[in-house]
Every structure is written in structure tokens, then in C-alpha cells.
Amino acid sequence: MAVDLISTLKVPSEVNCLSFSPVRHLLAIAFGNKTVGIYNVHDGQIQENAMSPLIGHTYSVNTCAFSPFGTMLASGATDYAVCLWDIQSGGNIASFENHTNSIRKVVFSPNSSWLASASGDQTIKIWDMSGKRLLKSIQAHDATVNTCCFTPDSNYVVSGAFDGHIKLWQASTGRCLQTIFDCHDLGVNDCQFSPTFGSASEEYQENIKIIDGTVHYLLATCGSDTFVKLWDIYIDRQAGNYSAAKRGDLAGHQSNVWCVVFSTNGKLLASGSGDKSVIIWDPLHGEALQKLTAHASFVTSCAFSLDNSILVTGSNDRTVKLWRLNMHQGHTNPAYKQQTSDGNANVIASLQAMSVDDTCNWLKTIGMEMYEKQFRHHQISGSVLPTLTSISLLRELRIEPLGHRNQILRAIQELKDRLDNSIPDEFLCPISREVMTDPVVASDGYSYQREAIESWLNGGNRLTSPMTNAPIQASLLIPNKTLKSLIQKHLDSNRS
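Analysis parameters
- Residues numbered from 1 in each chain as written.
- Predicted model: local features only at pLDDT ≥ 70, side-chain atom pairs only at ≥ 80, totals over all residues.
- Heavy atoms only, no water.
- Helix = DSSP H or I, 4+ residues; strand = E, 2+ residues; numbered from the N terminus.
- Buried < 20%, exposed > 50% of the residue type's maximum accessible area, 1.4 Å probe, protein only.
- Contact = heavy atoms within 4.5 Å.
- Areas by Shrake-Rupley, 256 points an atom, 1.4 Å probe, with all protein chains shown as cover.
- Arc of directions from axis to C-beta.
- Pairing = 2+ DSSP bridges.
- Axes fitted to C-alpha atoms, helices over the stretch in contact; angles between N-to-C directions.
- Salt bridge = Lys/Arg side-chain N within 4 Å of Asp/Glu carboxyl O.
- Phe/Tyr/Trp six-rings, centres within 6.5 Å; stacked < 30°, edge-to-face > 60°.
- pLDDT = per-residue confidence, 0-100.

**Q** Can you walk me through the overall build of the protein chain in this structure?
**A** A tally of helices and strands in the protein chain yields seven helices and 34 strands. For the protein chain, the residues scored as buried account for 56% of the 496 residues in total. Look at the contacts in the protein chain between residues 6 or more apart in sequence, and 48% of them connect residues 24 or more apart. Of the roughly 21300 Å² that the protein chain leaves accessible, carbon and sulfur atoms contribute 48%.

See below:
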């Protein structure tokens, strides 16, 4: 798979959300400056549409979504309002102001009948699109509801919240059917169902009248624990049985993962993170294909074009980037390629991402392929490599020559050093993952770069800690002079 950065657009404010029209070459962007931008995307170029910007919100716009037929756009903001826009004229169709806190997510049902909104008031609201009215208000969680999505058949809604739980709801009644407790330790930030997997496939839909039993969907979630997770969701409507089974954890990000989105054909999954990167995954095999690192701040949103040839990424660095995807050029996993801002690709490896096969291939590069059988027998993957010692190599893996054991251990350390950041993690801001130059201690006890925490608190995230999701006092930011001194000493020592 080849990925090329083809265009970068500087935008007037922080990008909070992206949405591609399902029928036209239109891209909607939810901005921190209270507006929604509408852009034409064609032949690798992006230009602002004549109807842009859409003006109606009074605070930061956090989320936006096109309707399945592309005739309407929904947006939600920190002003507690959900707005509906006519895509032909750019006019406001309706405004819903029933929430009592910031809107975190809006999403249409695949059949276009309903709109769901998730909010900091701990509720999900289901809106009837034919009558433009509130259909159901669901007291969903005991914490801010960050995200929600409909199942491909439009009958059910999944919600994710700061409490770390995911819940499955019957959309028409608001009845809770299943809860996945502690799905993500530090909160669920986003979720989406595959549009083509299992019972969402065209083959299933064509034979739905003769198929009985359980429907099966694939759900992707992400959270502040740095993981993307995949879940098999089973719904037996006749028996009233509902279950969820974790398919796997996708490790590769180094900070909060803010968004996950499937391509329209379900073959790709993209995630954006506070570590300023985007990872493109193969969701069916749980493999990382590409890592994109062109943004200068955390990535808040990703969106695939209708034909899956373009991936758009948006960031707090006030840029939107277009990437051209070519699925026919190679396959990279899990020592995936990292695409940098200058367009050059360098093969990198993540210890956590390395499978047993990758470890055995690595053995060959250091001339130790004669021990491949032992490594395979003991299932030595990349995550196990740092735990190996001379004794374990001798006793468990039966590698007797001391010189060979020392060579393997030296190579492991070299690999680890090459992948590890030379800057201690405590010197990096938890939000931006950049070295702090003006560290401050917030009321949650954590240190942040001043600009990053102020942007967080002023960017529609409520007064909650980025690390714990607990309430935080915005006015209580104390300069961390000790940490600043330690960072400076470390930088000075490296220069010398």
C-alpha cells in the first residue's frame, strides 16, 4: 500500500471534525472558531465552496456529519445546540437546543431516518428527521458521552463515554441491551461500525429475508489509553440475546487516540492521535499498514472519500492534509512505513507491533536465523524481546554459545534504542507529545505545556482533565519551574 501527501490546506482555526459527503466531492470541517467550513475536493485539490462558512453556532463546533444521501449536514457545538443545514443552499433547516451541555458527536442512521447526538450532559438524544423533532432522550452514562454510532441496520446505537464503558441501545425505545465495562481505561473517545463486515455485507442484505438467527457486526473503538480496539457485536433479535467479544487491541499510538473511521468499503481503518500521527490499519487482520506523521499537533479527525482513494486528516495545527491511497502497491506490516511531512517514507518498527514472523525476520538481519525454530516455538514477538536475558536465552531458548546470546541482547538493545525517544516521557506534554518549554501543573496534578492545556480547556472539552477525565480548575495553572530546569539541563547535556 502506498500513501502520498498531495495537498495541505491552512485553515482559519483548529479542526475538530471532518466529514466527507457520501455522494459528492464535498468535505465539511467543524472549526473551533464557531463555524463549519464546506470545501470542494477534486483531483487532489481542496478549495472552499461558495456556501462556506456555515454560521449559526455561538461557540466551538465540535462535530459534523453528512446525511447518507448527502442532502443535509448536522453539526454540534459547545453552545449545546445541534444544527441541520441544507447542502444545496447552505441555509439552516433546524436547530435543536434540548441538550444542557456541549455536543460531542452527531451521526445519522444509515437509513437517514434518525440523527443521534452525544453530549456532556451524559445523554444521547435521537432525533426524527422526517418531523425534525426529538424522538427519544436516553440517560446513557454517568459521565460525558463522547461518541455514538448506529449499527448498519439502523436499529441500534452504541455509545462511548469518559467512564470507559460502551453501551448498546435499542434506538426506537432507548432500552439498554448490553454494556461493555472498562472498554478503555481512560475513557472512550470514538467508535464506528464497519459498513461492510458480516451482516452489513451486500451478500447478507440480498438474502436477509431467508436468513434467521444472529446478526454480526464489527465495531472499532478508541480511547485515551492509546489503543484502538475491535469488537465483534452479536445481536439475536428473536431470542433477545446481545453479546460483545473483543477481537483485538491495535497498538501503535503513543498518546490519546481521538478518532477512528472505516473506509466506505470496510477494508481500511484510520485513527488519529495526540501523538500527532495517523495510523492506517487493516481491520480484518488487525495490522498496521502505514503511519502518517505530517501534522505538527494532535490529530482530531480523519475521513475517507467515497471511492476510498483519498484520506483527509485534520489537526489542531490548523491544517487539513490530503493523502492519496494506492492499495495495489505493496503491503506493509507491522514494520510499517512512516510517512513524514516532507513526503519521504522510512521503514520503522514498533516493538509492540512486531509479530513472531517479524521477530524471526529480524533474527535473519542480525545473522541469528539458526535460532528461528526456538523463537517460533516460544512465540517470541516484539513485545517479548525486551524481557529476554542471557539466562532466559540459555535455559528457555536453549541458545548455548555465550557469544550468540550477547549478540542477540546487543541487537535487542540497539533496536530498542532506535525506536525509543531519546527524550524522557515525563518531559513531553501529555496532550501535544512535544517537549515542554513552559510546563505548568494543573489541578489534576499533571504537568502540561501551558499553550496545550489552555487550548484544551478552551476548545470545547469542558473543564475536565485530559489524563483522568475528572473535573479540573482552569484558573489553577502553576508554573513547574523544577521540571523546566530539568528539561533544560537534559537538552543542554545532549547538545554538549
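**Q** In this structure, what is going on with the side chain of Asn480? I would like to understand it.
**A** Relative to the helices and strands, Asn480 is located in the loop between strand E34 (478–479) and helix H7 (481–495). Assessed through its relative accessible area of 16%, Asn480 is described here as buried. In this structure, Asn480 is in contact with Pro439, Val440, Val441 and Ser447, ignoring residues within four places of it in sequence.

**Q** Explain helix H6 (residues 450–458) here, please?
**A** Every α-helix winds through 3.6 residues per turn, so residues three or four apart in the chain are directed the same way. Considered for burial, the residues of H6 that qualify are Ala452, Ile453, Trp456 and Leu457. End-on, the buried residues of H6 take up no more than an arc of 125°, which puts them together on one face. Those residues of H6 hidden inside the fold are in contact with strand E23 (257–262), strand E32 (439–441) and strand E33 (447–449).

**Q** Can you walk me through the side chain of Ser112 in this structure?
**A** Along the chain, the position of Ser112 falls in the loop between strand E11 (103–108) and strand E12 (114–119). Ignoring anything within four residues of it in the chain, the contact list for Ser112 reads Ser67, Pro68, Phe69 and Met129.

**Q** Would you explain the environment of Cys183 in this entry?
**A** One can find Cys183 in the loop between strand E18 (176–180) and strand E19 (188–193). Along the chain, Cys183 and Cys222 lie 39 residues apart, while their C-alpha atoms are 9.0 Å from each other. Residues contacting Cys183, with those up to four places away along its chain left out, are Gly164, Ile166, Val188, Thr221, Asp225, Lys229 and Trp231.

**Q** What's the story with the pairing of strand E10 (residues 92–96) in this structure? I'm lost.
**A** Along any regular strand, the residues point their side chains to alternate faces of the sheet. The sheet contact formed by strand E9 (residues 82–86) and E10 spans four bridges and is antiparallel. Paired with Leu84 across the two strands is Ala94, which belongs to E10. Between E9 and E10, which pair antiparallel in sequence order, lie five residues; one of them, Gly90, sits at a positive phi of approximately 80°.

**Q** I tried to follow the sheet that holds strand E27 (residues 299–304) on my own but got confused; where do I start?
**A** In a beta sheet, neighbouring strands are held together by backbone hydrogen bonds and run either parallel or antiparallel to one another. Ordered by their spatial adjacency, four strands build an open sheet running E1-E29-E28-E27, and the pairing between neighbours is antiparallel. A strand with exactly one partner marks an edge of an open sheet, and here the two such strands are strand E1 (2–10) and E27. Here the average twist between neighbouring strands, direction ignored, is 20°. Bridge count for E1 against strand E29 (residues 319–326) is eight bridges, and the pairing is antiparallel. Each residue of the ladder has a partner; that of Asp4, found in E29, is Arg324.

**Q** Where do I start with the sheet that holds E9 in this structure?
**A** The antiparallel open sheet is built from four strands, whose spatial order is E7-E8-E9-E10. Because the sheet does not close on itself, it has two edges, and the strands there are strand E7 (61–66) and E10. On average, each strand axis in the sheet is inclined to that of its neighbour by 20°, with strand direction left out of account. When E7 meets strand E8 (residues 72–77), the two strands line up antiparallel, connected through five bridges.

**Q** What am I meant to see in the environment of Phe227 here?
**A** The residue Phe227 is located in the loop between strand E20 (215–223) and strand E21 (228–236) in this model. A residue is classified by how much of its surface remains accessible, and Phe227, at 28% relative accessible area, is partly exposed. Taking the C-alpha atoms as reference points, Phe227 and Leu250, separated by 23 residues in sequence, lie 5.9 Å from one another.

**Q** What is the right way to look at the pattern of salt bridges in this model?
**A** Side-chain pairs of opposite charge can arise whenever the charged atoms involved come near each other. Applying the stated criterion across every chain yields a total of ten salt bridges. Where Asp357 meets Arg376, a salt bridge forms, and the shortest distance between an N and an O atom there is 2.6 Å. Of the two residues, Asp357 sits in helix H2 (residues 356–365) while Arg376 sits in helix H3 (residues 372–377), which places them 19 residues apart along the sequence. Across the pair Glu454 and Arg450 runs a salt bridge whose closest N-O atoms are separated by 4.0 Å. You can see Glu454 and its partner Arg450 sitting in helix H6, four residues apart, about one turn around the helix. Through salt bridges that share partners, Asp357, Glu372 and Arg376 make up one connected network.

**Q** I keep staring at the packing of aromatic side chains and nothing clicks. Help me out?
**A** The description of an aromatic ring pair rests on the distance of the ring centres and on the angle between the ring planes. One pass over the structure, following the stated rule, counts five aromatic pairs. Plain terms: the ring middles of Trp114 and Phe150 are 6.4 Å apart, the flat faces sit at 35° to each other, and that makes the pair tilted. Placement of the pair is Trp114 in strand E12 and Phe150 in strand E15 (residues 145–150), with a sequence separation of 36 residues. Across the pair, Phe150 and Trp114 agree in class, each one buried. Arranged with centres 6.0 Å apart and planes meeting at 75°, the rings of Phe193 and Tyr217 form a pair that is edge-to-face. With Phe193 in strand E19 and Tyr217 in strand E20, the pair connects residues that are 24 residues apart, well separated along the chain. Looking at Phe193, the relative accessible area reads 5%, which means it is buried. Judged by its relative accessible area of 1%, Tyr217 is buried.

**Q** Looking at this model, I keep getting lost on H2. Mind explaining?
**A** Of the positions making up H2, those classed as buried are Val356, Asp358, Thr359, Cys360, Trp362 and Leu363. Gly367 lies just past H2 and shows a positive phi near 75°.

**Q** Is there a simple way to think about the confidence of the model for the protein chain in this case?
**A** Interpretation of the predicted coordinates at a detailed level should be avoided for regions scoring low in pLDDT. Chain-level statistics for the protein chain give a pLDDT mean of 86 and a share of 88% at 70 or above. Taken together, the stretch residues 330–337 has pLDDT below 50 and engages in 37 contacts with residues farther than four places along the chain or on a different chain. Segment residues 340–350 is flagged for pLDDT under 50; beyond a separation of four residues in sequence, or across chains, it makes 25 contacts in the model.

**Q** When you look at unusual backbone geometry in this model, what are you seeing that I'm missing?
**A** For residues other than glycine, phi is negative in most cases, and the peptide bonds are mostly trans. Cis rather than trans, the peptide bond between Ser52 and Pro53 has omega equal to 0°. For Pro53, the location among the structural elements is in the loop between strand E5 (45–48) and strand E6 (54–55). Unlike most non-glycine residues, Thr226 shows phi in positive territory, near 80°. Position of Thr226 among the secondary structure elements: in the loop between E20 and E21. The residue Gln379 is not glycine, and still its phi comes out positive at about 55°.

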